[in-house]
Amino acid sequence: MKRLTLLVVAMAGLFMASQASAQQLFSGITGPLQVQPVQKSNTVQVPFITWGGDAATFYANGGLDTKPDSIYGKMGLKFKLTPGDDFVQQVKDYMNGKSPYLRGTFRMLGQASEVIGTDPRTKPVVVLQLSWSAGDHIVARPGFKTLNDLKGKDKKIKIACQQGGPHVGLLFDALAAAQLTNKDVEVVFVDDLTGPNGAAEKFRTDESIDACCVITPDMIGLTGGIDTEGTGAEGTVKGAHVLVSTQNMSRSIADVYAVRKDWYDAHKEEVEKFVAGYLKASAEVRKMRDDFEKTQRMSPQYKQLLTMCQQIFGEEVIPTLEVDAHGLLLDCGFVNLPGQIAFFQQSGNLSGFDAKLTAALDLATNWGYAKTRKGFDPPNFSYRDIAKLSELEYVEPQKIVKGEGITQFPGDDLDSDTIVSFTISFEPNQTDFSVDRYGAEFDRALQSASTFGGAAVVIRGHSDPTKTLVQLIKAGLEKGIIRRTGQQGNYRYFINTQGGTKEMDLSQTKDMVQLIQSGAFEGKADSPLQTMQAALNLSQARAEQVKDAIIKYAEQKGVNVNLSQLQPLGAGISDPVISKPTNMAEAKQNMRVEFRIVKVNPEELSDSDFNF
């Protein structure tokens with residue numbers, strides 16, 4: 001719990017100068033700014049924020065001021081690390097030349113894009129991705145099971161979110177996964193990320209708020225935990241639960257460093273060393289962190305690093321080393337060198353620079369932070385040179401990853417673990433899938449797999465139950481187990497049981513499946529058990545054919561895909577849309593493949609998950 005306190009304080013300062021009013025231009029938040037040259041100095045000011053990824057920056061620098069024997073010191077660099085949790089102040093310092101660096105999330109840069117991207121001197125070159133977030137959540141009230149439920153039937157769903165902060169990007173991605181926008185919901189902006197004016201308190205005190213975007217401590221305060229529901233006791237909200245988390249939506253929030261274009265052009269070699277030094281430091285920090293996690297024995301070097309973090313962030317933020325400081329680093333998904341290359345240079349990476357830039361500018365312009373699209377540049381680094389500088393092995397990232405990512409297959413109870421779902425329908429007995437016809441659905445599946453890096457994409461095939469029900473009735477009538485009354489189109493069926501005769505409800509699919517599985521209807525020419533098994537085989541074949549088609553489609557388009565995330569599954573007749581169809585149109589609704597983004601063990605994330 002103490003490490004959660006750390007995050008409360010850490011994130012509270014982020015974007016603290018943001019405003020509560022909705023749809024305010026970022027230029028209105030900063031006020032008038034004048035571009036000035038970067039101040040000449042032997043020491044370059046570099047901002048940091050309160051986040052585990054910045055521990056590697058401290059380690060590389062040897063502290064806030066570069067130590068001669070540190071990684072950066074040995075590279076001949078000289079930095080002064082300064083607090084940057086106030087992102088608006090960061091932008092002001094960046095524009096007036098106090099610092100050539102910006103430290104934020106990719107979406108925060110996007111929200112400021114019009115301010116920082118209009119003048120060619122300050123156009124950002126995003127040079128380093130530090131990490132992916134795994135500590136942000138959307139909490140909802142009872143009745144909201146998946147992201148699809150954010151599309152209200154009778155009213156717009158109200159979601160509390162900090163204006164201008166990192167959760168705006170999380171909400172943008174969550175709505176996009178359900179094919180919704182901010183116009184489909186009512187976003188209620190609050191002043192702060194947390195605290196009395198934060199989204200969690202708004203959710204707690206205003207029952208009209210259906211959901212809220214919160215950090216981990218507030219999530220636990222509302223729900224009791226990521227897999228539990230609030231009881232109403234000890235400050236929790238009764239029935240409140242996590243609707244989606246960056247533990248599953250693990251490629252939504254990217255932490256980055258950006259550099260002014262004029263500075264980058266004049267000091268590229270220095271910027272390369274900054275990136276290489278960070279990568280070298282993060283590799284060593286990850287090893288120290290992981291060794292302590294495995295052995296519970298803290299090395300003197302790791303203790304020194306955690307102590308440094310405690311001194312920089314403050315003991316009120318990090319009361320203990322073993323829990324709070326170590327926990328901060330555990331919550332951080334560092335991006336290693338292959339992940340760095342994949343983010344900036346690998347084509348077809350749906351969570352890479354180009355995709356994130358498009359999404360960031362879409363958010364900025366669609367949500368009212370900017371009127372025009374002012375993009376950023378990626379660095380034109382040679383990562384082989386960066387690898388040499390950082391003394392790391394150069395490894396090309398894979399496009400088709402076969403053995404990494406999700407290692408735990410979801411259980412049978414998909415309903416309770418489904419984050420979002422969508423469906424494509426087919427013709428009777430169809431098992432081949434044309435890319436020309438289903439390309440849009442395949443794109444959505446691939447995008448979902450990319451955004452929800454910590455979740456499984458279950459491709460669940462379904463079959464229509466009509467043929468099985470017909471054979472159940474036919475075999476039952478022939479064997480005298482079932483009796484029929486009424487006229488065609490209005491039949492009623494009764495089944496003999498040990499307790500007497502009972503009317504059958506053919507719409508109760510679960511009961512019908514159990515009857516068939518009992519074997520009581522076998523022995524006649526038409527076997528409902530065989531037909532049901534054939535339907536199960538067909539649904540499995542549909543799911544596997546769709547997976548194969550998606551993989552082929554991804555290869556043709558050069559899109560990255562993690563094969564372990566794609567899980568084909570046959571449901572047979574067990575979960576029809578219409579349990580007792582009355583015509584072919586209704587039967588066809590059951591002939592479908594459903595894509596479900598399903599939560600898996602959220603604690604199974606590791607650095608390798610991001611090496612895609």
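Per-chain numbering applies: the sequence of each chain, read as written, is numbered from 1 onward. Since the coordinates come from a predicted model, pLDDT governs what is reported: local features require at least 70, and pairs of side-chain atoms require 80 or more to be given and counted, while whole-chain, interface and lining totals use all residues. Hydrogens and water are ignored here; the side-chain numbers use all heavy atoms of the structure.

**Q** What's the story with the overall build of the chain in this structure? I'm lost.
**A** By the criteria applied, helices consist of DSSP H or I runs no shorter than four residues and strands consist of E runs no shorter than two, each listed in order from the N terminus. Scanning the chain from terminus to terminus reveals 22 helices and 20 strands. Computed over C-alpha atoms, the radius of gyration of the chain comes to 28 Å, within 12% of the 25 Å expected from 2.2 N^0.38 for 612 residues, which places it in the range of a compact globule. Referenced to the eigenvectors of the C-alpha coordinate spread, the extents of the chain come out at roughly 95 × 50 × 50 Å. Note on definitions: a residue-residue contact is assigned when non-hydrogen atoms from the two residues lie within 4.5 Å. Taking all contacts inside the chain whose residues are at least 6 apart in sequence as the whole, residues at least 24 apart take part in 78%. Two residue types count as positive, namely Lys and Arg, and two as negative, namely Asp and Glu; His and chain ends fall outside the count. Charged side chains are reduced to one point each, which is NZ for Lys, CZ for Arg, CG for Asp and CD for Glu. For the chain, the centre of its 65 positive side-chain charges and the centre of its 73 negative side-chain charges are spaced 3 Å apart. Within these notes, the globule rule equals 2.2 Å times the number of residues to the 0.38 power, and the radius of gyration is based on C-alpha atoms.

**Q** In this structure, what is going on with the confidence of the model for the chain? I would like to understand it.
**A** Detailed reading of predicted coordinates is not advised where the pLDDT is low. Known as pLDDT, the predictor's confidence for each residue is given on a scale from 0 to 100. Confidence in the prediction for the chain averages 87 pLDDT; 91% of positions are at 70 or higher. Ranking the elements of the chain by mean pLDDT puts helix 1 (residues 2-12) last, at 40, and helix 4 (residues 71-74) first, at 98. Contacts from residues 1-22, a stretch scored under 50 in pLDDT, to residues over four places away or in other chains number 70 contacts. Segment residues 403-409 is flagged for pLDDT under 50; beyond a separation of four residues in sequence, or across chains, it makes 20 contacts in the model.

**Q** Is there a simple way to explain the packing of helix 15 (residues 337-344) against helix 17 (residues 383-390) in this structure?
**A** Helices that pack against each other are described as a pair by the angle of their axes relative to one another and the distance between those axes. Two elements in contact, helix 15 and helix 17, have axes whose closest approach is 11 Å; the angle formed by their N-to-C orientations is 155°. Considering the angle they form, helix 15 stands roughly antiparallel to helix 17. Judged by the twist between their axes, the crossing of helix 15 over helix 17 is right-handed. Side by side, helix 15 and helix 17 meet where Leu337, Gln340, Ile341 and Phe344 of the first sit next to Tyr383, Ile386 and Ala387 of the second. Under the scheme applied here, ten amino acids are nonpolar (Ala, Val, Leu, Ile, Met, Phe, Trp, Tyr, Cys and Pro), four are charged (Asp, Glu, Lys and Arg), and all others, including Gly, are polar. Across the contact of helix 15 with helix 17, the residue classes break down as 6 nonpolar, 1 polar and no charged. An axis is simply a line fitted to the C-alpha atoms; with a helix, the fit covers only the stretch in contact. Between two such axes, the angle follows the N-to-C directions and lies from 0 to 180 degrees. Here the angle decides the label: under 35 degrees means roughly parallel, over 145 means roughly antiparallel, 65 to 115 means roughly perpendicular, and every other value means oblique. Should the near helix be turned anticlockwise from the far one by less than a right angle, the crossing is termed left-handed; should it be turned clockwise, right-handed.

**Q** Please explain the nonpolar core as it appears in this structure.
**A** The nonpolar side chains of a soluble globular protein tend to be buried with one another. The biggest cluster of nonpolar side chains holds 85 residues, and the ones touching the most others in it are Tyr101, Phe106, Ile116 and Val127. It is helix 12 (residues 268-295) that provides the largest number of residues to this core, a total of 10 residues. Residues within four places of valine 127 in sequence aside, it is in contact with Tyr257, Ala258, Val259, Tyr264, Val271, Val275, Gln340, Phe344, Pro379 and Phe381. Core analysis: the next-biggest nonpolar cluster, separate from the first, contains 61 residues, Ile419, Ala445, Ala449 and Val561 among them. What makes a nonpolar core is a set of buried Ala, Val, Leu, Ile, Met, Phe, Trp, Tyr and Cys residues whose side-chain atoms join them at distances within 4.5 Å. Think of it in three bands: residues with accessible area under 20% of the maximum for their type are buried, residues over 50% are exposed, and the middle band is partly exposed, with areas taken using a 1.4 Å probe on protein chains only.

**Q** How should the side chain of asparagine 590 be read in this particular structure?
**A** Along the chain, asparagine 590 falls in helix 22 (residues 584-590). Polar contacts involving the side chain of asparagine 590 include one to the side chain of aspartate 464, which spans 2.8 Å. Two N or O atoms count as a polar contact when they lie within 3.5 Å, although within protein this holds only if one can serve as hydrogen donor and the other as acceptor, and sequence-adjacent residues are included solely when both atoms are side-chain atoms. Among the polar contacts listed, one links the side chain of asparagine 590 to the backbone nitrogen of valine 577, at a separation of 2.7 Å. In this structure asparagine 590 touches His462, Ser463, Asp464, Pro465, Pro576, Val577, Ile578 and Pro581, once residues within four positions along its chain are discounted.

**Q** Sorry, what's going on with the sheet that holds strand 17 (residues 500-503) here?
**A** One open sheet accounts for 3 strands, arranged 15-16-17; its pairing is antiparallel. Whereas interior strands pair on both sides, the edge strands pair on one side only; in this sheet they are strand 15 (482-485) and strand 17. Shown here is a sheet whose adjacent strand axes are inclined to one another by a mean of 30°, direction ignored. As paired elements, strand 16 (residues 492-497) and strand 17 share 4 bridges and run antiparallel to each other. The partner of phenylalanine 494 across the bridge, within strand 17, is glutamate 503. Across the sheet, helix 19 (residues 466-479) is in contact with strand 15 and strand 16; its angle to strand 15 comes to roughly 105°. One requirement defines pairing of two strands: DSSP has to find at least two bridges between them.

**Q** Looking at this model, I keep getting lost on the domain arrangement of the chain. Mind explaining?
**A** Think of interface size as the accessible area that goes away when the parts come together; that is how it is often given. Domains assigned within the chain are domain 1 (26-132 + 252-297 + 337-390), domain 2 (136-245), domain 3 (418-464 + 532-610) and domain 4 (469-524). A separation of 47 Å is found between the C-alpha centroids of domain 2 and domain 4. Start and end positions for the domains come from either an automated domain assignment or a database one.

**Q** Looking at this structure, how should I read helix 3 (residues 53-61)?
**A** Note on helix geometry: an α-helix contains 3.6 residues per turn, so any two residues three or four positions apart are oriented the same way. Among the 9 residues that make up helix 3, 9 are buried, leaving the element largely enclosed by the rest of the structure. Directly after helix 3, the chain includes glycine 62, whose backbone phi takes a positive value near 75°.

**Q** What is the right way to look at the sheet that holds strand 3 (residues 101-105) in this model?
**A** Strands sit in the order 3-10-4-11 across an open sheet of 4 strands; the sheet is antiparallel. The open sheet terminates on both sides in strands that have one partner only, identified here as strand 3 and strand 11 (332-334). Across the sheet, the mean angle separating the axes of adjacent strands is 30° when strand polarity is ignored. As defined by bridge partners, strand 3 adjoins strand 10 (residues 254-260) across 5 bridges and the pair is classed as antiparallel. Its bridge partner lying in strand 10, threonine 105 is registered against aspartate 255.

**Q** What exactly am I supposed to notice about the pairing of strand 16 here?
**A** Moving residue by residue along a regular strand, the side chains alternate between the two faces of the sheet. Bridge count for strand 15 against strand 16 is 4 bridges, and the pairing is antiparallel. Residue pairing for strand 16: arginine 484 is matched across the bridge by tyrosine 493. Between the antiparallel neighbours strand 15 and strand 16 lie 6 residues, among them glycine 486 with a positive phi of about 90°. What sits between strand 16 and strand 17 in their antiparallel hairpin is a turn of 2 residues.

**Q** Explanation requested: unusual backbone geometry in the structure shown.
**A** Across residues other than glycine, the phi torsion is negative in most instances, and most of the peptide bonds are trans. Residue glutamine 179 is not a glycine yet carries a positive backbone phi of 55°. Note on placement: glutamine 179 falls in the loop between helix 8 (167-177) and strand 7 (186-190). With a phi angle near 55°, glutamate 234 is a residue other than glycine that sits in the positive phi range. Considering the arrangement of structural elements, one finds glutamate 234 in the loop between helix 10 (216-223) and strand 9 (241-245).

**Q** What's the story with the pattern of salt bridges in this structure? I'm lost.
**A** Oppositely charged side chains can form a pair if their charged atoms are brought close together. A pairing counts as a salt bridge when a side-chain nitrogen of Lys or Arg comes within 4 Å of a carboxyl oxygen of Asp or Glu. Taken as a whole and judged by the stated rule, the model has 23 salt bridges. A salt bridge links aspartate 290 to arginine 289; the shortest N-O distance between them is 3.0 Å. A salt bridge links aspartate 575 to arginine 596; its shortest N-O distance comes to 3.8 Å. Here arginine 596 lies in strand 20 (residues 592-599) and aspartate 575 lies in the loop between strand 19 (566-570) and helix 22, a separation of 21 residues in the sequence.

**Q** Is there a simple way to explain helix 15 in this structure?
**A** Among the 8 residues that make up helix 15, 8 are buried, leaving the element largely enclosed by the rest of the structure. Turning to helix 15, its buried residues number three or more, namely Leu337, Pro338, Gly339, Gln340, Ile341, Ala342, Phe343 and Phe344. Where helix 15 is buried, its residues contact helix 6 (106-111), strand 4 (124-133), strand 10, helix 12, helix 16 (353-366) and helix 17. Regarding helix 15, its N-cap is asparagine 336, as a side-chain oxygen of that residue lies 3.1 Å from the backbone nitrogen of glycine 339 further along.

**Q** Hey, could you run me through the packing of helix 3 against helix 13 (residues 300-313) in this one?
**A** Relative orientation of the contacting elements helix 3 and helix 13 amounts to 110°, with a least axis distance of 10 Å. Our classification of the angle between helix 3 and helix 13 gives roughly perpendicular. Contact residues: Ala55, Phe58 and Tyr59 in helix 3; Gln301, Leu305, Met308, Cys309, Ile312 and Phe313 in helix 13. Of the residues that constitute the contact of helix 3 with helix 13, the class distribution is 8 nonpolar, 1 polar and no charged.

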